[in-house]
Amino acid sequence: MTRRVGITTTIPSEVVFAAGWVPVDLNNVFITSADPRQLVEEAEVAGYPRNICAWIKGIYGTVIRDRTLDTVIAVTQGDCSNTHALMETLQLAGVCVIPFAYPFDRDYDLLKLQIEKLMQYFGVDWPAVRETSARLGEIRGAVRDLDRLTWEENRVGGWDNHFYQVTCSDFEGDPESFRARVNKFLARARQAPPRGEEIRLAYIGVPPINADIYGFLEQLGARVVFNETQRQFTMPFDTENLVEQYRLYTYPYGIFYRLEDIKRELERRSVRGVIHYVQSFCFRQIEDLIVRHELRVPVLTVEGNNPGPLDARTRVRLEAFVEMLR
């Protein structure tokens, strides 16, 4: 039986697939579950405080409920500051935890060492990893074309742009099946008429816990043409060097490195306004002051807490923001 390993965020999945294992993005499983709020509540019953990020609690609840996930790769540097405690509570529950760290300064040698430690754990060598990397690169390339259809030809909506890009974290556990799904969507999208939303928006920050934000914005005549973090999951870089690929990947590194990418894409995509999503009780909320200082387009900061539809207050703020841009 194929072994499954949970991941707390995007890691070098090439290593996992090359070893014959299947990576499972715990964030995606949590947010698409039948009742994600129940998973959050189960973590709170186990002892997690209420003033802790719902994503962390949801990941904990997901792993505890799914006993086939007896191993988790946890990103200890470059993601959530609460991951260390998450690791410890999972270990208490008998889960095997493998740490992986993105070096803060994007040091090539330290990153290479982390990837090779992961390779050693899974018992694979560089030729196998490079072969898998080439295969996954083709799929990511197709999703990057979907992104181009979003902002350049205006044929794809914000939700689909978000979904296919964010799914590149684990390819739904089956890269070839996901490739077929992407190609089928692309065939339809290329024939679709251009969309008519007049306000072009960017969405920056972690993926939303309130997924209806895209559809709501499009009801207002606005559309997200740039999903910052989700786009990074497609590894939109011109390199065949796996270490360099994950060194160029912006999400795990500092806000100023991320802003270089954000500024380039805002200009290239003719974005008129930015929605900066921040998760309640997340350290990244502090970075909002830097974002506002550095960007030269209007920014609306939206805070999300628990999974579910947008609350009334956030809907009113989004409506006012779009009207202001219009």
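Let me sum up the structure you'll find in this document. (Residues numbered from 1 in each chain as written. Predicted model: local features only at pLDDT ≥ 70, side-chain atom pairs only at ≥ 80, totals over all residues. Heavy atoms only, no water.)

Side note on the layout of surface pockets
Approximately 830 Å³ is the volume attributed to the largest pocket. Along its surface, the largest pocket is lined by 45 residues, and Asn27, Asn28, Ile31, Trp55 and Pro207 are the ones closest to its centre. When grouped by side-chain class, the residues that make up the lining of the largest pocket number 25 nonpolar, 13 polar and seven charged. Roughly 220 Å³ of volume is contained in the second largest pocket. Surrounding the second largest pocket, 13 residues form its lining, Gly137, Phe237, Thr239, Glu240 and Gln245 being those nearest its centre. Breaking the lining of the second largest pocket down by element, the ones donating at least two residues are α7 (126–151) and α12 (242–248). (1 Å grid on protein atoms, 1.4 Å probe; cavity = no way out; pocket = protein on both sides within 12 Å on 5 of 7 lines; lining within 4 Å. Points joined across faces, edges and corners; volume = space filled by probe spheres on them. Nonpolar A, V, L, I, M, F, W, Y, C, P; charged D, E, K, R; others polar. Helix = DSSP H or I, 4+ residues; strand = E, 2+ residues; numbered from the N terminus.)

Observations concerning the environment of Glu131
Relative to the assigned elements, Glu131 resides in helix α7. Note on Glu131: relative accessible area 62%, which makes it exposed. (Buried < 20%, exposed > 50% of the residue type's maximum accessible area, 1.4 Å probe, protein only.)

Describing helix α9 (residues 175–191)
Between its first and last C-alpha atoms α9 spans 25 Å; for 17 residues at 1.5 Å apiece the expected length is 24 Å, and the two agree. Listing the buried residues of α9 in full gives Pro175, Phe178, Arg179, Val182, Phe185, Leu186 and Ala189. Viewed end-on, α9 has its buried residues packed into an arc of 135°, placing them on one side of the element. In this structure, α9 carries Lys184 and Gln191 as exposed residues pointing more than 90 degrees from its buried face. Lining the buried residues of α9 we find α1 (13–18), α7 and α8 (158–166). (Expected span 1.5 Å × (residues − 1). Arc of directions from axis to C-beta. Contact = heavy atoms within 4.5 Å.)

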